[in-house]
Amino acid sequence: MNYNNSNSSSILKDIILLVVRVFVGFAMLSHGFPKLQMLLAGGKIEFFDFMGLGPQISLILTVFAEFVCSILLILGLFTRVSLGFLIFTMIIAGFVVHGADPFEKREMSLIYLSVYLLLIVIGAGKVSVDHMIERRKRASDW
């Protein structure tokens, strides 16, 4: 494979973006799914109370970001909007919830935050539902 060729480079970039989106999306799902189960269990919710919203609302917002937005990220659907919610959630996790903890406790949320920041700047790539929608829009504008 000739990596100097811009077409090959573009294909490689899109494959890497897909792999990163899918990997980080499924990895975050592993954090969001237990929270979804906690929410659906119906018992007393003990969760971080963000800005006085109450533990239940805070948990609902976290489940939305970590579970729903992760699925959207995997699909590449509403990618940048989903990443906005995920970035916000990781900022709260890394700097508020675990703000006083040692770096080792904050590290994972900061790594997720870094990947999400890269993805929001670069975008979902061509192997995404967002790209398919954009292509259809452009085709129908003709």
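Small disclaimer: the values here were computed from a predicted structure and weren't measured. (Residues numbered from 1 in each chain as written. Predicted model: local features only at pLDDT ≥ 70, side-chain atom pairs only at ≥ 80, totals over all residues. Heavy atoms only, no water.)

### Digging into the overall build of the chain
When helices and strands are tallied, the chain shows five helices and zero strands. Taken from N to C terminus, the helices and strands of the chain fall in the order α-α-α-α-α. Projected onto its principal axes, the C-alpha positions of the chain cover 55 × 35 × 20 Å. The burial tally for the chain puts 35% of its 142 residues in the buried class. Contacts in the chain between residues far apart in sequence, at least 24 positions, make up 62% of those at least 6 positions apart. Of the roughly 9,000 Å² that the chain leaves accessible, carbon and sulfur atoms contribute 68%. One finds the centroid of the 12 positive side-chain charges in the chain at a distance of 9 Å from the centroid of its 10 negative side-chain charges. (Helix = DSSP H or I, 4+ residues; strand = E, 2+ residues; numbered from the N terminus. Buried < 20%, exposed > 50% of the residue type's maximum accessible area, 1.4 Å probe, protein only. Contact = heavy atoms within 4.5 Å. Areas by Shrake-Rupley, 256 points an atom, 1.4 Å probe, with all protein chains shown as cover. Lys, Arg positive; Asp, Glu negative; His and termini not counted. Charge placed at Lys NZ, Arg CZ, Asp CG, Glu CD.)

### Side note on the layout of surface pockets
In this structure, the largest pocket occupies an estimated 540 Å³ of space. Forming the boundary of the largest pocket are 25 residues, of which Thr62, Glu66, Thr89, Met90 and Ala93 lie nearest the centre. Those elements that provide at least two residues to the lining of the largest pocket are α1 (6-41), α2 (55-75), α3 (79-97) and α4 (103-122). Here the lining of the largest pocket gets seven residues from one element, more than from any other, and that element is α3. If you add up the space inside the second largest pocket, you get close to 200 Å³. (1 Å grid on protein atoms, 1.4 Å probe; cavity = no way out; pocket = protein on both sides within 12 Å on 5 of 7 lines; lining within 4 Å. Points joined across faces, edges and corners; volume = space filled by probe spheres on them.)

### Focus on the nonpolar core
Within the largest apolar cluster, 16 residues are counted, with the highest numbers of intra-cluster contacts made by Leu73, Leu86, Tyr112 and Tyr116. Going through the elements one at a time, α1, α2, α3 and α4 are the ones with two or more residues in this core. Element by element, the count of residues in this core is highest for α4, at five residues. For leucine 86, the contacting residues outside a window of four places in its chain are Met28, Ala65, Glu66, Cys69, Ser70, Leu73 and Tyr116. Residues Leu29, Leu36, Val63 and Ile74 belong to the second largest nonpolar core, which totals seven residues. (Core = buried A, V, L, I, M, F, W, Y, C linked by side-chain atoms within 4.5 Å.)

### Details of the packing of α2 against α3
Relative placement of two packed helices is described by the angle separating their axes and the distance separating the axes. Contact geometry for α2 and α3: axes closest at 9 Å, N-to-C directions at 145 degrees. When the axes of α2 and α3 are compared, the crossing they make is left-handed. Of the residues in α3, those touching α2 at Thr62, Phe64, Ala65, Glu66, Cys69, Ser70, Leu72 and Leu73 are Thr79, Ser82, Leu83, Phe85, Leu86, Thr89 and Met90. (Axes fitted to C-alpha atoms, helices over the stretch in contact; angles between N-to-C directions. Left-handed = near helix turned anticlockwise from the far one by under 90°.)

### Brief notes about the side chain of arginine 106
If you trace the backbone, arginine 106 turns up in helix α4. For the buried arginine 106, no salt bridge is present, and the opposite-charge side chain at shortest range is aspartate 101, 7.5 Å distant. Not counting residues within four places of it along the chain, the set of residues in contact with arginine 106 comprises Gly94, His98, Gly99 and Asp101. (Salt bridge = Lys/Arg side-chain N within 4 Å of Asp/Glu carboxyl O.)

### What to know about the environment of phenylalanine 33
Within the element layout of this structure, phenylalanine 33 appears in helix α1. A residue is classified by how much of its surface remains accessible, and phenylalanine 33, at 40% relative accessible area, is partly exposed.

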